[in-house]
Amino acid sequence: MNRGRIVSERLAAVAFLAPFLLLLLVFILWPVLNALWLSFHAYDLFDAPRWVGLSNYQLLLKHGDFWISMRNTVFYTVGVVVAQTALALFLALLMDQRIRGKTAFRIAYFLPSVTSSVAISLIFMALFFKNGMLNQLLAGLGVDRLLALTGLSVPVDWLGDVHTALPSLMAMNIWSTAGFFMIIFLAGLQDIPQTLYEVAELDGAGPWAQFRYVTLPLLKPTFFYVGTMGIIGAFQVFDQVFIMTNGGPLKATMTMAYLLYTEAFVHFNMGYACAIASVLATVIFLATMGQKRLMGE
Amino acid sequence: MPAFERLRHGILVILLVVLSACRSTDDSAGSKISIRFSGYAGNPAETSLMEKLVGDFNRSQGEIHARYEPIPGTYYPKVLTMLASGTAPDVLYLDILYFKPFLAKRKILRPLNDFLAQSSTRPEDFLPALVAAFSEGETVYGLPKDFNTLGLYYNRESFDRAGLAYPDETWDLTRFRQAAITLTHQDAGRKQAGFALAPDTPDRFLPIAEMFGARLFAQDGSCAIASPEGIRALDYYAGLKRVDHAAIFPSEVGSSFSGDAFGREDAAMAFEGSWLTPYLQTSFPRLPYGVSELPRGPAGRSNFLFTVAYVIPQGSKHPEAAWKLIEFLTSEAAQAQVTFALPSRTDVSRKYVAQHAEYLPILKAAAYATPYDFGPHGPRIVERLGVALQEVLLGVKTSERALQEAARDIDLLQQR
């Protein structure tokens, strides 16, 4: 009787899990393994895959575009993850105070992360145009003369200048993701027991010491989560590039995911694209492991 | 048990949805032969005309029902993916630049000779260059839909203001450059450049290179664009922007292509095909513009033939029905309704130009224009040349170095 119940419970568990497991197998695990397998083949979708061993990977090492995309992606990731984490923490600390209209602010900061990245990209394109709002604002503030001193041609064609295109994309992404991570940090902050602050205060710790020795250490798991999600998201940046710059000007915004897309679906070098995908996955894995070690998790 | 009941209801609902979905596809097909037809949805005038033509076709046919499925956005990635997965439509647009790459994959295109042999549609009725562009030897793979060449679109008002005579057939590149400089002005905060220059595509630069006497490919097939003439041509072209400050990039003023910057009067001249005419008429109806032939260069005239054909993929299950649709779409009656390009039938395009004089420069150029076709690696070659243009236009490299590097890469591509 008892044993019968255990069996039927297990059956039920499997039955409940089956839809998800099946989807995972069919749509995630199988494609991943298949992509890895394809990365050792030459495949154009029309003729059967032909085994080429490691030559896709060898080509990758020699391919200038791959290294450009790698450099751009790493630059993008480091910049975006550091800045968005710092900004998100800053916003979360502000939102944790007693401020009038706190909810309105929270909504305003969170809104970009529930907005489609395509819509955001289109709006930012209008901001970044040479005769767009950003330049009008900068000219109004007189900052444009400062920019001219740095050697940029004013008004700056933000998305069309080799030096500013990638940083412009980064700024947009920092803005659009910081709100989401702010919410995560807020949750982390609210998890810290108030009593610890009281104890610290009794011990004579000022606001800075409280932040440094109570808040920051206890936010470590949150930092880890925010950092990991940030790294994964940033390494895979694609839609903004696809919509706003197409990898240009002069490959200044060519990211690994965009290169992968053009190789796979414009030039139909599926094997080569799969090799890029495998490298990208490996890089993300290593970066996450490195971060884990750094955070001592 | 209520939970069980709910589950059963849920399953029933899902089954119903699935079944009704099956029903509806059956309905539209009926006992008729159902075929699908796709083209890119670049141009609203074109999309609505195609909708109308396919509707006319369906009414004229008893047995065949055609469905028009325009593809927005990136057309070739989508089409190639559909071809590879066996879900491609029965009739497709194929741009001349992609004809040789498609032909290189032997299983994609279906020869049309058998259909043509039994049809009243005769290839001789079409502009010979267009039919030849989609043929290999005697085998015809596509029937041209229509064609375009580049014209010089100019803003009459800007010319009047600057006291310049409108461009005509006597114009050469020197005259064009002077006009671009004279037309560039800024008054009352409104800035207008002489010329809208697309920095990332070589289709405007290559004609200029040929006007200077340069050739993209030498007799032996190697890339010859880095010749002294080619370098001089790129110096000229990039100079419009970098030396004379008489040109803008469309992206600088928030336009997606030079015709749009021209329409918004951010530039007084642009090189565009006649696809721009319906665009200007709908988006900028009050713009006073004219069209003339591209200026001539030291080595004469040059232009590109941009053309698209209807093709039938090998995988089509109803090639006969697909051919019927192509016959209909390339018929004289259907071609007479084109507005965004010139009809591919010689007679119809002549008649058309007689009624619409602004298309005359576009037709004239067809006499000497060469197809926009660079072999099986065409799209990559265009992409690589685009990079070279950007390098020079953004001041990263000299014309000589950029073209030499591009020529070397293109030679490598060709050997692959």
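Details of the structure are given in the entry above.
A few points on the structure. Note that the structure is predicted; figures quoted are calculated from it, not measured.

**Considering the overall build of chain A**
Moving on, step 1. Scanning chain A for helices and strands turns up 14 helices and two strands.
Moving on, step 2. Taking 2.2 N^0.38 as the reference for a compact globule, 297 residues should give roughly 19 Å; the C-alpha atoms of chain A span a radius of gyration of 24 Å, well beyond that estimate.
Moving on, step 3. The C-alpha extent of chain A, read off along each of the three principal axes, is 80 × 70 × 30 Å.
Moving on, step 4. A buried classification covers 40% of the 297 residues belonging to chain A.
Moving on, step 5. For chain A, the accessible surface area stands at approximately 16,900 Å², while carbon and sulfur atoms represent 70% of it.
Moving on, step 6. Counting 17 positive and 15 negative side-chain charges, chain A places the averaged centre of each group 5 Å from the other.

**A short note on the packing of aromatic side chains**
Moving on, step 1. One pass over the full model with this rule turns up 49 aromatic pairs over all chains.
Moving on, step 2. Ring geometry for A:W208 against A:F211: centres 5.6 Å apart, planes inclined by 40°, an arrangement best described as tilted. Remark: A:F211 and A:W208 occur in helix α10 (residues 207-218); sequence separation between them is three residues, near one turn of the helix.
Moving on, step 3. Since its relative accessible area comes to 18%, A:F211 is described here as buried.
Moving on, step 4. Between the aromatic rings of B:Y40 and B:Y75, the centroid separation amounts to 5.2 Å while the plane-to-plane angle is 90°, which identifies the pairing as edge-to-face. Note that B:Y40 is positioned in the loop between β1 (33-38) and α2 (44-60) and B:Y75 in helix α3 (residues 75-84), a separation of 35 residues in sequence.
Moving on, step 5. Members of the aromatic cluster, connected to one another through ring pairs, are B:F37, B:Y40, B:Y68, B:Y75, B:Y76, B:Y93, B:Y98, B:F102 and B:Y310.
Moving on, step 6. Its guanidinium or amino end placed over the ring of B:Y166, B:R156 lies 5.3 Å from that ring's centre, counting from NZ or CZ.
Moving on, step 7. Directly above the aromatic system of B:F249 lies the positively charged group of B:K241, at a separation of 4.4 Å from the ring centroid.

**Notes on α2(B)**
Moving on, step 1. Given a rise of 1.5 Å per residue, 17 residues ought to cover 24 Å, and the 24 Å separating the end C-alpha atoms of α2(B) matches this to within 8%.
Moving on, step 2. Burial in α2(B) covers these residues: B:E46, B:T47, B:L49, B:M50, B:L53, B:V54, B:G55, B:F57 and B:N58.

**Some details on the packing of helix α5 (residues 117-128) of chain A against helix α8 (residues 165-191) of chain A**
Residue and element names in this part refer to chain A.
Moving on, step 1. Their axes nearest at 11 Å, the elements α5 and α8 cross at an angle of 130°. If you check the angle between α5 and α8, you find them oblique. As for how α5 packs across α8, the hand of that crossing is right-handed. Contacts between α5 and α8 involve I120, S121, F124 and F128 from the first element and S168, M172, W175 and S176 from the second.
Moving on, step 2. Along the lines of polarity and charge, the residues of the contact of α5 with α8 split into five nonpolar, three polar and no charged.

**Thoughts on the environment of A:H267**
Moving on, step 1. Position of A:H267 among the secondary structure elements: in the loop between α13 (256-266) and α14 (270-295).
Moving on, step 2. Classification of A:H267 by relative accessible area gives buried; the value is 15%.
Moving on, step 3. For the pair A:H267 and A:D44, spaced 223 residues apart in the sequence, the C-alpha separation amounts to 8.4 Å.
Moving on, step 4. With sequence-adjacent residues up to four places away left out, A:H267 is seen in contact with A:T262, B:R380 and B:E383.
Moving on, step 5. At a separation of 3.1 Å, a polar atom in the side chain of A:H267 contacts the side chain of B:E383.

**So, the interface of chain A and chain B**
Moving on, step 1. Taken residue by residue, the interface counts 21 residues in chain A and 20 residues in chain B.
Moving on, step 2. At the boundary of chain A with chain B, total buried surface from both sides reaches about 1,800 Å², with 60% on carbon and sulfur atoms.
Moving on, step 3. Inspection of the chain A/chain B interface yields two salt bridges.
Moving on, step 4. Taking the shortest distance from any N to any O, the salt bridge between B:E252 and A:K130 comes out at 2.4 Å.
Moving on, step 5. Summed over the shared surface of chain A and chain B, the number is four residue pairs in polar contact (both at pLDDT 80 or more).
Moving on, step 6. Counting residues per element, the side of chain A that touches chain B draws most heavily on α13(A), which supplies four residues.
Moving on, step 7. A per-class count over the side of chain A that touches chain B returns 11 nonpolar, four polar and six charged.

How each quantity is defined
Residues numbered from 1 in each chain as written. Chains lettered and ligands numbered in written order. Predicted model: local features only at pLDDT ≥ 70, side-chain atom pairs only at ≥ 80, totals over all residues. Heavy atoms only, no water. Helix = DSSP H or I, 4+ residues; strand = E, 2+ residues; numbered from the N terminus. Rg over C-alpha atoms; globule rule 2.2 N^0.38 Å. Buried < 20%, exposed > 50% of the residue type's maximum accessible area, 1.4 Å probe, protein only. Areas by Shrake-Rupley, 256 points an atom, 1.4 Å probe, with all protein chains shown as cover. Lys, Arg positive; Asp, Glu negative; His and termini not counted. Charge placed at Lys NZ, Arg CZ, Asp CG, Glu CD. Phe/Tyr/Trp six-rings, centres within 6.5 Å; stacked < 30°, edge-to-face > 60°. Lys NZ or Arg CZ within 6 Å of the ring centre and 35° of its normal. Expected span 1.5 Å × (residues − 1). Axes fitted to C-alpha atoms, helices over the stretch in contact; angles between N-to-C directions. Parallel < 35°, antiparallel > 145°, perpendicular 65-115°, else oblique. Left-handed = near helix turned anticlockwise from the far one by under 90°. Contact = heavy atoms within 4.5 Å. Nonpolar A, V, L, I, M, F, W, Y, C, P; charged D, E, K, R; others polar. Polar contact = N/O pair within 3.5 Å; in protein donor to acceptor, adjacent residues only side chain to side chain. Buried area = accessible area lost by both parts, 1.4 Å probe. Salt bridge = Lys/Arg side-chain N within 4 Å of Asp/Glu carboxyl O.

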